[in-house]
Amino acid sequence: MFNIKLQDNIKLFYITTFLRAGNFWVPVWIALYNQILTKEQIGYFWAINFLVVGILEIPTGIIADIIGRKYACAIGAFIMTIAFLVIGIYPTLMGILIYSILSGIGEAFITGTRSVLLYDTMKQLGRENEYAKVQTYGLVIFEGLMAVFTIFGGWIYSLGFERAPFLLRSLFWGLSIPLFMAMVEPRFSSTKQTFSNFNRILKKSVEDITKNRKIIKISLLYIFTFGISTAVVRFLMQPILVDIGFIDSFDRSIISAALKLWIATMAYFIARRYKNSLPNFYILVIPLIMAIIYIPFKYLALPWTLLLLFPLAIPGNSRDVFLSPFVKKELVPDYRATSMSILNSLGTIIFGLVNLLYGFSANSIQYIFILGILSLILLIPLAVNIFKREI
C-alpha cells in the first residue's frame, strides 16, 4: 500500500514540473532590468540572488532532512510565490532587491531537495536505475512547455502588460504548493532527525561528500559545471541575445522558445535510448560542450552565433540528466538532501561570482569566451580523469 502511494510521487513530480515550466518572465526580465538598473547593477543583483541561494543551500538542506523534503519544497514554493508577486506589483530598484533576496531563499529550499525526493522515491521503489530517465522526461516536459510559456510571456509583455509575466509566474508557484504537500516521504530516507542534531547532520554530510577520492572529484566537477553553465543559461543568455542584435522582447521570446524545444527534443531521444542507468561517458558531455561552444562564440557573427545558441543551451539545462545521477548514487540516503545542498551551495557561489564578474567584462560575448577557456583548462581534464580512473 505504501509503495502504491509512493508511485504518486512520480506523477506529482511531472505535474510540478509542468508548473515550474511557467517561466513567462524569461524573455522580458532583461527589458525590465534595463529600465531600472545599469549593466553593472544587473550583475550585482543576480549575484545577490545566487549568493543568497549559496549561503542558504546548506541550512535548508538540513531542514529538509529534518522536517521532510516535501515540506521544504512547499515552503520554497510559497516564498517564490511571494517573490514574484513583489516584483510584479513593485517593479522598482527596491522591488528587484526584495525579489532577489526572497527568490534566493525560495530556490535554496527547492534546489536539490526536489530531485533528492524523486531519487529516494525511485530507490524506495527499487527503480533507482530509472532515475535519470524520469528526470529526462521531466526535462522534456519542462523545456517543451517553457517554450510555449516563454512565447506567451513575450507576447503579453509586447502588448503592454509588462507586469503580467511576473504575476503569472507567481500564480504557478502558488499552485504547486498543495502538490508538494500531497507527496509521500520515502521511509528509508526518513530517519528521525531533529534540530538539535543540526551540527551532526552537517558533519555527516561533509564526511559523505569527502569520503573518498572518487566522490571528491565528481563533486568538484559538479560544482564548477553547475556554477558556470547555469550562469550562461539563466543569466547571460538574454544579454547575449541583446548583444547580437535581438532588442525586441517578443523576438527574444521566439528564440528562447526554439532553444527550449531543442532541449526538450534532445532530452526525449536520450530518455528513449537509455532504459537504465546512464553510460559512464556521459560525464564528459557537458564539459566538452562548454569548451567547444563557448570559445568560438567570440569570433563568429550572425547567423552562426544564433545557431551556436542551441548547443550553448545544453549544459545549463541538463545538469540533472548528465551529472547529478553520478553524484547521488554515491551518497548516503539519510543525508542526501544535505549533501546535495552543500554541493549546490558551492556551485551557486560560483554562479554568483560569475555574475558579479560580468560587470567588469566588455560584453556578454567576450565573457562567454573567458568561461570557455576556464572550461577547457579546468573541467575537461577533471572529467577525463574521472572517466578513466574513477568510474
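Note that the structure is a prediction, hence the values are computed from the model and not measured.

Peer 1: Can you help me understand empty space enclosed by the protein in this one?
Peer 2: It is the rolling of a water-molecule-sized probe over the atoms that shows where space remains empty. Summed over the entire model, instances satisfying the criterion amount to 4 cavities of 30 Å³ or more. The computed volume of the largest cavity comes to approximately 1100 Å³. If you trace the largest cavity, you find 46 residues lining it, with Arg20, Asn23, Glu107, Phe142 and Arg234 closest to the centre. Ranked by the residues each element gives to the lining of the largest cavity, the list is headed by helix α10 (residues 213-243), at 7 residues. Residue composition of the lining of the largest cavity, by class: 21 nonpolar, 16 polar and 9 charged. Estimated volume of the second largest cavity: approximately 60 Å³. Here the residues of the lining of the second largest cavity are counted per class, giving 7 nonpolar, 2 polar and 1 charged.

Peer 1: Looking at this model, I keep getting lost on the nonpolar core. Mind explaining?
Peer 2: A general tendency of soluble globular proteins is for nonpolar side chains to be buried together. Formed by 108 residues in total, the largest nonpolar core has its most connected members in Trp25, Tyr33, Trp46, Leu236, Ile240, Leu309 and Leu312. Among the elements that line this core, the one with the most residues is α10, at 14 residues. Not counting residues within four places of it along the chain, the set of residues in contact with isoleucine 240 comprises Phe297, Leu309, Leu312, Ser364, Ile365 and Ile368. The next biggest cluster of nonpolar side chains, apart from the first, holds 10 residues, and it includes Ile10, Met122, Tyr131 and Val134.

Peer 1: Even after reading the chapter, I still don't get the environment of asparagine 197, so can you show me in this structure?
Peer 2: Its place among the elements puts asparagine 197 in the loop between α8 (164-181) and α9 (198-209). Here asparagine 197 falls in the partly exposed class, since its relative accessible area comes to 23%. Taking the C-alpha atoms as reference points, asparagine 197 and methionine 340, 143 residues apart in sequence, are found 18 Å from one another.

Peer 1: Would you take a moment to explain the side chain of glutamate 143 for this structure?
Peer 2: For glutamate 143, the position within the fold is in helix α7 (residues 131-158). For glutamate 143, a relative accessible area of 0% gives the class buried. With residues up to four places along the chain from it excluded, the contact list for glutamate 143 reads Lys260, Leu261, Ile263, Ala264 and Asn317.

Peer 1: Where do I start with the pattern of salt bridges in this structure?
Peer 2: One side chain can pair with another of opposite charge once the charged atoms of both are near each other. Taken as a whole and judged by the stated rule, the model has 6 salt bridges. In this structure, lysine 214 and glutamate 330 form a salt bridge, with 3.1 Å as the shortest nitrogen-oxygen distance. Note that lysine 214 is positioned in helix α10 and glutamate 330 in the loop between α16 (324-328) and α17 (336-358), a separation of 116 residues in sequence. Through salt bridges that share partners, Asp65, Arg69 and Asp120 make up one connected network.

Peer 1: Even after reading the chapter, I still don't get the packing of aromatic side chains, so can you show me in this structure?
Peer 2: Geometrically, a pair of aromatic rings is defined through the distance of the ring centres and the angle of the planes. Taken as a whole and assessed by the stated rule, the structure comprises 17 aromatic pairs. Measuring from ring centre to ring centre gives 5.0 Å for phenylalanine 281 and tyrosine 282, while their planes differ by 70 degrees; the resulting arrangement is edge-to-face. Residue classification places tyrosine 282 among the buried positions, given a relative accessible area of 8%. Counting every residue linked through ring pairs, the aromatic cluster contains Phe18, Phe24, Phe149, Phe152, Trp155 and Phe172. If you follow lysine 298 out to its NZ or CZ, it ends over the ring of phenylalanine 369, 4.5 Å from the centre.

What counts and what doesn't
Residues numbered from 1 in each chain as written. Predicted model: local features only at pLDDT ≥ 70, side-chain atom pairs only at ≥ 80, totals over all residues. Heavy atoms only, no water. 1 Å grid on protein atoms, 1.4 Å probe; cavity = no way out; pocket = protein on both sides within 12 Å on 5 of 7 lines; lining within 4 Å. Points joined across faces, edges and corners; volume = space filled by probe spheres on them. Helix = DSSP H or I, 4+ residues; strand = E, 2+ residues; numbered from the N terminus. Nonpolar A, V, L, I, M, F, W, Y, C, P; charged D, E, K, R; others polar. Core = buried A, V, L, I, M, F, W, Y, C linked by side-chain atoms within 4.5 Å. Buried < 20%, exposed > 50% of the residue type's maximum accessible area, 1.4 Å probe, protein only. Contact = heavy atoms within 4.5 Å. Salt bridge = Lys/Arg side-chain N within 4 Å of Asp/Glu carboxyl O. Phe/Tyr/Trp six-rings, centres within 6.5 Å; stacked < 30°, edge-to-face > 60°. Lys NZ or Arg CZ within 6 Å of the ring centre and 35° of its normal.

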